Each structure stands twice: as structure tokens, then as C-alpha cells.
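Structure at a glance
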Amino acid sequence: MTFARFSLLIIVLLSSKLYADCAAWIPGAALPSTLFIRNIEIENNNVFDTSHEGENTGLHRAANYLHIKTQVVVIRRQLLFEEGEVFDQSLIDETERLLRANRYLKNARIVPARICDDQIDLSVITTDSWTLTPAISFGRSGGVNNSTLEIEEHNLLGYGKSLSIDQFTDSERTENILFYSDSNLLGGRHVLSAELKDNTDGGGFAINTGLPFYQFSNDQAWNLKLSSLTRENVIYERGVPIDSIGKKKKNFASYYAWAKSISPTAVNRYRIGWSYRDEEAFATEASPAIQIPEPTTYSSPFFGWQYISQRFIKKTNLFHVAVTEDILIGDNLDVQLGWINSKWGSTDNLTAFDAVYSRGFQPTSRQLAILTLKIDSYFRNASINQGVFKIRGDWFRFHSRRSRLHVYSIIEAGRNLPIDDQISIGGDSGLRGYPLRYQNGDRKFLLSIENRYFFDWYPLRLVKTGVSAFADFGSAWDSELGSAKILRDVGFGFLFASTRQSTNNILRMDFAFPLDDNNTVDSFQVLIGVQKNF
């Protein structure tokens, strides 16, 4: 017997012994109560599945050839389990969500491959998105045109890094932005993002780094943020620019956080840190006589607390199109208190109070509601000195696989708001039949009702298409002057969603018809633009 034949015989005998007590897992079959992970197989698929007839054209094959697939090591480093550990379904589910959160992956799922007595083999199956996106786009909202010139790569050389160069132009400014982010710095769990802006009215930078709570059971995290921005803010009245004021802002914040688990699905997280904010206003060439407020500096230690109840559901065509969306419907409460004092270099003595709360409700399989509350405020002697309160409610009714009703409402109230930071409503903020920032003040109400329908037509398996019909109701007003007239509009639109790009952009073309103030606004508005989500 030759050496080659002898070696082949040994391999066959070892393989038969290795898999003698193994059986392929049947989807839906129950798993033994205690299992150990024996082997982890990673199947990283390209953008298009050429075994599918609709994805086996020259275009699809060329895209797969040009695309640099995500490196297997990048996926493996994000797994929350290892070979030899006890199989835990909750970690499997959490890892799937962690992988799907990456823009460069269209989908990710983890399934048992084989059961071998008290051991299990797992298959991690991912599908890449097309991540190189050069684009030139033009949009219009609120009667104002805008344009974007960009090139973005969300999976640089297959290592999960993002690099983009963008130029955005609207009626107020042209922004040139260079952005880089790394969610697995040096192959670990640390994150880093950096942004550089060069605008026609200023510029600035932002840096963010730290170690997040990348896993629900993590017990430590930290973060550091530093930013500076100079720009000119335009002040509107009835959709018309009337003034402008310049602002120079510098911000710094850092914290250390720790966690204590309450149960396998609930955790308390605490953080201590320091924040610094310096803001200075200046007159612009367009408004040299505008009244300039005094510079402000807020420096303070802070304490934060977060409670999370981990309960997720999976949906599609909710806020995005044709991707699996992991929706947190458990309680998520985050509260932070800061003590601003002159002995720390502040220009005032205040207490900062910020809070965010979200909760989802699923009364039936065809309904979903999401409630979000947000408070940003400053107190002096137990009374509000300045702040904003915002509440938003979303309700979805799923008529069928292709049709759904989306109703959302926003109520917003402010106090002592800066002149360039008033609450506004218009064609750029939900009231689609009116010019941008058509009404302003310190109060706002918006109700939007939209029914969306997606077609089965899927050209080249690249773009999902759909239509929508909508009605908007809203108003913004100054509380000291009394409530303003509620404005209404109705309309329809066309939807085009790129399903294979990492941007997940939705191109909308809406035609909105105002029902009020017909003597002062156009009879209809055309809104064309690209948005990240509904």
C-alpha cells in the first residue's frame, strides 16, 4: 500500500469515527438541554448569490468579482462565544444582532450544523453588502434644493473600517466632510471615529473613542468625545431667511461606566464623568447688527444611570427596506445629572438633567407601537431655566407582507431657547406641503399618517420599489403668543430602496398638496431626496 493510500485510509477512518455519533440538525428540532460548542464554521457569502437565476448575470458576477469580501477574522472576532464553551441560545441571538448591526453585512444568522452527542457544531452565515458607494444626488424639500457628492467605503479592504468623503450643498452652506470609523479598533472591541469638516461658513472636527458595552453582560465601559465646530445658523420666519448668527462651539465629555445584572434579560448601568461645553456667538456679514448673547461655559461632573430590559423582535420593511431589523421593545431608560458650577470654570450655576426613555408594544402580530421620550434641561433653584421636552409615538399596522400603515406623532416643548435653535416645522421636518421651517417657536405638534405598499417587482434584484399615500397635520408656535393654526397637507409618493448597498438608502419622490395658507404657499411641493430610514 502506498503512503498516499495509507494516509487517505487514516483520514477516512478518523472522519468516520469523528462523525459516527453526529447527526445533521433539522430546523425546528429541539436541542438537548446541555451542549458544548465543538466547532464554529463561518460561511461568508458575497453580495450576490449566483446560484439564484436572478443573480447570475454578468453584472452580478462582475460585482462579486470586484467586491472585497469581509475577512473571516473580522466576523470571528465579533462572536460572543468560543469553541469549548457551553451553548447558550441567548448569546447566539445577541451575536446575530451584533453582526447585523454592521453596515457591511446585509444579513447574519447562526444555526446548528450538527449535533454530536453532547456537542454541537455551529454555522455562522453572513451575506455581504456592496460597500463602495460613489454617488451624485440632488434633492428638494421645503422648496429648497440640495445636492450631494460623495464616495463612501464601509468595509475598507474587507476589515470593517469606514472611510468617506462627502460634499453637501444646500441653501445655507456647502459642507466638505472627511469621516473615518473603526468599530473593532486593532482587532479588539474598542471603537474610534473621527470627522473633519470644512464649510463655507466655518468648519470643525469631532473625535470619539472608547470601549462600549458591546455585550449585554459586559460589566465595564468608557468613552471620550472631543469636538469643535464653527458655523453660521440661519433664522427663518414663514420659510424665509430673515437673519443669521454665528456660533463657535467646543465640547468635551468623558465617562467610566460599570454594570450590575438584575437578571439574564435586565441590567443596571452606572457612569461617572465630566463634560465641558464652551459656546460663543458672533455677528455674520449678512446680519452685522444682530444682538449677540454672552459667551457661555458649562463645566460639570455628572452621574448617569441606565436600565435596559433586553427584549427584541425582528421585522422587515419597518424603518428600512428588505433588511432584518432588530427592534428593542423592552424598557430602555437613561438618566443623567450634571452639576454646573462657577468654581469649575462655568459662567453660571445650574443643574443639568437629561433623560431618554423608549419602549415598544406589540399587542398583536400585525401591530407594533414604539414610544420615545427625551428631556434636555437646565435647572436653577428647582425651576427650569432652559430645556426641551420631546415625545414621539410610532404605530405600525401590517396589512400584509407588502403593505403597512405607519402613523407617528411628535409633541415638542421648549423654554428659553436660543434664537437660532427654535423649534420649527415645515417641508424639511414632516409637514411636506410647506416650505422649510415654515413655522417657528417653542412648541410643536405633528401627526403624520402614511400607508406604504411595496411591489414584488425587483429589477435585477437590486432595488425594491413602492408607493405611498400620506396626510400630515402640524403646527409650531410661540407659547407666549398663543397657539398657531394647524396646517394640513395630503400627497402621494414613490419609493426606491437599494437593497444591496451598505447605505440602505431610500430614494423618495413625494408630491404634497397644502390644504391651508393657499394664498402664501405654492399649490404643491415636490420633495426629492435620499433618506436613511422612514
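Residues numbered from 1 in each chain as written. Predicted model: local features only at pLDDT ≥ 70, side-chain atom pairs only at ≥ 80, totals over all residues. Heavy atoms only, no water.

In this section: the overall build of the protein chain. Secondary structure summary: the protein chain contains four helices and 28 strands in total. Projected onto the principal axes, the alpha-carbon positions of the protein chain cover approximately 100 × 55 × 45 Å. By residue count, 43% of the 534 residues in the protein chain fall in the buried class. For the protein chain, the share of sequence-separated contacts (at least 6 apart) that also reach a separation of at least 24 residues comes to 55%. Per element, the accessible surface of the protein chain, about 27400 Å² overall, is 58% carbon and sulfur. Positive and negative side-chain charges in the protein chain, numbering 56 and 60 respectively, have mean positions lying 5 Å apart. (Helix = DSSP H or I, 4+ residues; strand = E, 2+ residues; numbered from the N terminus. Buried < 20%, exposed > 50% of the residue type's maximum accessible area, 1.4 Å probe, protein only. Contact = heavy atoms within 4.5 Å. Areas by Shrake-Rupley, 256 points an atom, 1.4 Å probe, with all protein chains shown as cover. Lys, Arg positive; Asp, Glu negative; His and termini not counted. Charge placed at Lys NZ, Arg CZ, Asp CG, Glu CD.)

Confidence along the protein chain averages 92 in pLDDT terms, with 96% of residues attaining 70 or more. The least confident element of the protein chain, judged by mean pLDDT, is helix 1 (residues 3-18) at 46; the most confident is strand 17 (residues 332-340) at 98. Contacts of residues 8-20 to residues separated by more than four positions or lying in other chains number five contacts, the stretch itself having pLDDT below 50. (pLDDT = per-residue confidence, 0-100.)

Reading across from one edge, 1-3-4-2 is the order of the four strands in this open sheet, with mixed pairing throughout. Whereas interior strands pair on both sides, the edge strands pair on one side only; in this sheet they are strand 1 (22-24) and strand 2 (36-45). Taking the axes of each pair of neighbouring strands and ignoring which way they run, one obtains an average angle of 25° across the sheet. The pairing of strand 1 with strand 3 (residues 105-116) spans three bridges and is classified as antiparallel. Looking at the pairing, Cys22 lines up with Cys116 of strand 3. (Pairing = 2+ DSSP bridges. Axes fitted to C-alpha atoms, helices over the stretch in contact; angles between N-to-C directions.)

Grouped together as the largest cluster of nonpolar side chains are 19 residues, with contacts concentrated most on Ile37, Phe81, Phe87, Leu99, Ile120, Leu122 and Val124. Those elements that provide at least two residues to this core are strand 2, helix 3 (72-77), helix 4 (89-100), strand 3 and strand 4 (119-128). No other element matches the four residues that strand 3 contributes to this core. Excluding residues within four positions of it along the chain, Ile120 makes contact with Leu31, Leu35, Phe36, Ile37, Arg38, Asn39, Phe87, Pro112, Arg114 and Ile115. Judged by nonpolar contacts, the second largest core, of 10 residues, contains Ile410, Tyr434, Leu446 and Val521. (Core = buried A, V, L, I, M, F, W, Y, C linked by side-chain atoms within 4.5 Å.)

With respect to the helices and strands, Tyr255 occurs in strand 12 (residues 240-263). With 214 residues separating them in the primary sequence, Tyr255 and Glu41 have C-alpha atoms 38 Å apart. Contact partners of Tyr255, with chain neighbours within four places excluded, come to Ala221, Trp222, Asn223, Arg271, Ile272, Gly273 and Phe302.

This paragraph deals with unusual backbone geometry. In this structure, Asp117 takes a positive phi of about 55° despite not being glycine. The topology assignment puts Asp117 in the loop between strand 3 and strand 4. For Asp117, a relative accessible area of 53% corresponds to the exposed category. You will see that Arg461, though not glycine, has its phi angle at about 55°, which is positive. Here Arg461 shows up in the loop between strand 24 (443-454) and strand 25 (463-477).

Side chains Lys444, Leu446, Ser448, Glu450, Arg452 and Phe454 of strand 24 all project onto a buried face; the interleaved residues Arg443, Phe445, Leu447, Ile449, Asn451 and Tyr453 project onto a face where none is buried. Across 11 bridges, strand 21 (residues 403-415) lies against strand 24 in antiparallel orientation. By the bridge assignment, Ser409 is partnered in strand 24 with Leu447. Of the strand pairs in this sheet, strand 24 and strand 25 are connected by 12 bridges, and their pairing is antiparallel. Residue pairing across strands places Ile449 opposite Ala471, the latter belonging to strand 25.

Attention shifts here to the side chain of Glu55. Within the element layout of this structure, Glu55 appears in the loop between strand 2 and helix 2 (58-66). In this structure the side chain of Glu55 is engaged in a polar contact, spanning 2.6 Å, whose partner is the backbone nitrogen of Asp49. Not counting the four nearest positions on each side in its chain, Glu55 is found in contact with Phe48, Asp49, Thr50, His60, Arg461 and Arg500. (Polar contact = N/O pair within 3.5 Å; in protein donor to acceptor, adjacent residues only side chain to side chain.)

For the rest of this paragraph, the subject is the state of the cysteines. Scanning the entire structure with this criterion turns up one disulfide. One disulfide in the model links Cys22 with Cys116; its S-S distance is 2.0 Å. Judged by the torsion about the S-S bond (110°), the Cys22/Cys116 disulfide is right-handed. Of this pair, Cys22 sits in strand 1 while Cys116 is found in strand 3, placing the two residues 94 residues apart along the sequence. Of the two residues examined, Cys22 and Cys116, each falls in the buried class. (Disulfide = S-S within 2.5 Å.)

Following the criterion strictly, the structure yields 33 salt bridges and no others. Between Arg271 and Asp334 there is a salt bridge whose closest N-O contact spans 2.6 Å. Linking Arg271 in strand 13 (residues 266-282) with Asp334 in strand 17, this pair joins segments that are 63 residues apart in sequence. Through salt bridges with shared partners, a single network forms among Arg432, Glu450, Arg452, Asp472, Arg508 and Asp510. (Salt bridge = Lys/Arg side-chain N within 4 Å of Asp/Glu carboxyl O.)

To continue, consider helix 4. End to end, helix 4 covers 17 Å across 12 residues, agreeing with the expected 16 Å (1.5 Å per residue, within 8%). Buried within helix 4 are the following residues: Leu91, Ile92, Glu94, Thr95, Glu96, Arg97, Leu99 and Arg100. Looking at the buried positions of helix 4, the neighbouring elements they touch are helix 3, strand 3, strand 4, strand 15 (312-315) and strand 16 (325-328). (Expected span 1.5 Å × (residues − 1).)

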